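What follows is each chain in one-letter form.
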Amino acid sequence: MTTLESPKGILLVVSGAAGTGKGTVNAILMKEHDDFVFSVSATTRAPRPGEVDGREYHFMTKEQFEEQIRLGGVIEYTQYCGNYYGTLKSELRKLDEGKNLILEIEVEGAMNIKRLFPDSVAVFILPPDAVTLRNRLVNRGTNTADDIENRMKRALDEFSLVEHYDYAVVNHDGRAKEAADAIYAIVKSEQHKASRAEGAMNRLFFNQE
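In this report, we go over the structure that sits alongside the text. (Residues numbered from 1 in each chain as written. Predicted model: local features only at pLDDT ≥ 70, side-chain atom pairs only at ≥ 80, totals over all residues. Heavy atoms only, no water.)

Description of the overall build of the protein
Within the protein one finds eight helices and nine strands. Expected size for 209 residues packed as a compact globule is a radius of gyration near 17 Å; at 18 Å, the protein falls within 12% of this value. Seen along its three principal axes, the alpha-carbon backbone of the protein occupies a region of about 65 × 40 × 30 Å. Considering the protein as a whole, with its 209 residues, one finds that 42% of them fall into the buried category. Looking at the protein alone, contacts between residues at least 24 apart form 67% of all its contacts between residues at least 6 apart. As displayed, the protein offers around 12,000 Å² of accessible surface, 51% of which is attributable to carbon and sulfur atoms. The centroid of the 26 positive side-chain charges in the protein is displaced by 1 Å from the centroid of its 32 negative side-chain charges. (Helix = DSSP H or I, 4+ residues; strand = E, 2+ residues; numbered from the N terminus. Rg over C-alpha atoms; globule rule 2.2 N^0.38 Å. Buried < 20%, exposed > 50% of the residue type's maximum accessible area, 1.4 Å probe, protein only. Contact = heavy atoms within 4.5 Å. Areas by Shrake-Rupley, 256 points an atom, 1.4 Å probe, with all protein chains shown as cover. Lys, Arg positive; Asp, Glu negative; His and termini not counted. Charge placed at Lys NZ, Arg CZ, Asp CG, Glu CD.)

This is the structure in structure tokens:
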């Protein structure tokens, strides 16, 4: 069957506050669809027990990371608790393989990606409401009361920026697959945008590469 879909994958930027379940939703996407892959971030923090270089993170020294910044090998980065976290330019090669590349990053990084790559697709995952989000943070059993309040405040700050994203998807309790299905439908729709088909049009009708 002839298709106008671009041979390149979609650069999918996924954000969401702690407790929105973005990691679970992304895991479902990759489990059910082999054309979705995860962008492995780089960091200068030390590996935790069980973490493998190249799987959880690309672990680097501070000097190596800063050298990559200088050489243009990092497309976005931030610092947290004295460590660098960022996306390596080399991860974008997966797009040329026809894979849809998931970047699970914070709001600031997402806006930087949208500025650098206007054809990327930015999705913000939301909880059904503030009460549900608080309950999820409490039920984790790993956050102190102060930590929960800080995370709630940060979440509300991030929610005010949702309008800058292309799409927003609500992840209801026990329905993460529905959220993943919604994002899958978004990506499939984006793949059929006429603006992404210019190269295919040339190949099919004008004998141009």
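Structure's up, so let's keep going.
So, the side chain of Glu158
By the secondary structure assignment, Glu158 is in helix α6 (residues 145-159). Judged by its relative accessible area of 9%, Glu158 falls in the buried class. Residues contacting Glu158, with those up to four places away along its chain left out, are Gly16, Ala17, Glu106, Val107 and Phe124.

Looking at the sheet that holds strand β3 (residues 42-43)
Strands sit in the order β4-β3-β6-β5 across an open sheet of four strands; the sheet is mixed. In this open sheet, the two strands that pair with only one neighbour each are β4 (58-59) and β5 (74-80). Pairing geometry for β3 and β4, over two bridges, is parallel. Bridge pairing in β4 places Ala42 opposite His58. Its contacts with the sheet place helix α2 (residues 62-71) against β3, β5 and β6 (83-88), and it is angled at close to 45 degrees to β6. (Pairing = 2+ DSSP bridges. Axes fitted to C-alpha atoms, helices over the stretch in contact; angles between N-to-C directions.)

Overview of the layout of surface pockets
A volume near 1,300 Å³ is recorded for the largest pocket. Contributing to the lining of the largest pocket are 38 residues, with Lys22, Tyr57, Tyr80, Glu106 and Arg154 lying nearest its centre. Looking at the lining of the largest pocket, the elements that each hand over two or more residues are α1 (22-32), β5, β6, α4 (107-116) and α6. Element by element, the count of residues in the lining of the largest pocket is highest for α6, at six residues. Counted by class, the lining of the largest pocket contains ten nonpolar, 14 polar and 14 charged residues. Its volume calculated, the second largest pocket comes out at about 210 Å³. Lining the second largest pocket are twelve residues, and of these Lys8, Gly9, Leu95, Asp119 and Arg196 sit closest to its centre. Taken together, the residues of the lining of the second largest pocket break down into five nonpolar, three polar and four charged. (1 Å grid on protein atoms, 1.4 Å probe; cavity = no way out; pocket = protein on both sides within 12 Å on 5 of 7 lines; lining within 4 Å. Points joined across faces, edges and corners; volume = space filled by probe spheres on them. Nonpolar A, V, L, I, M, F, W, Y, C, P; charged D, E, K, R; others polar.)

Topic: the sheet that holds strand β2 (residues 36-38)
Read from one edge of the open sheet, five strands run β2-β7-β1-β8-β9, paired in parallel fashion. Both outer strands of the open sheet, β2 and β9 (167-170), are each paired with one neighbouring strand and no more. Across this sheet, the average inter-strand angle for adjacent strands is 30 degrees, counted without regard to direction. Two elements, strand β8 (residues 121-126) and β9, share four bridges in a ladder whose sense is parallel. The residue bridging Val123 from the neighbouring strand is Tyr167, located in β9. Sheet strands in contact with helix α7 (residues 176-191) are β1 (11-15), β2, β7 (100-104), β8 and β9, and its direction is about 160 degrees off that of β9.

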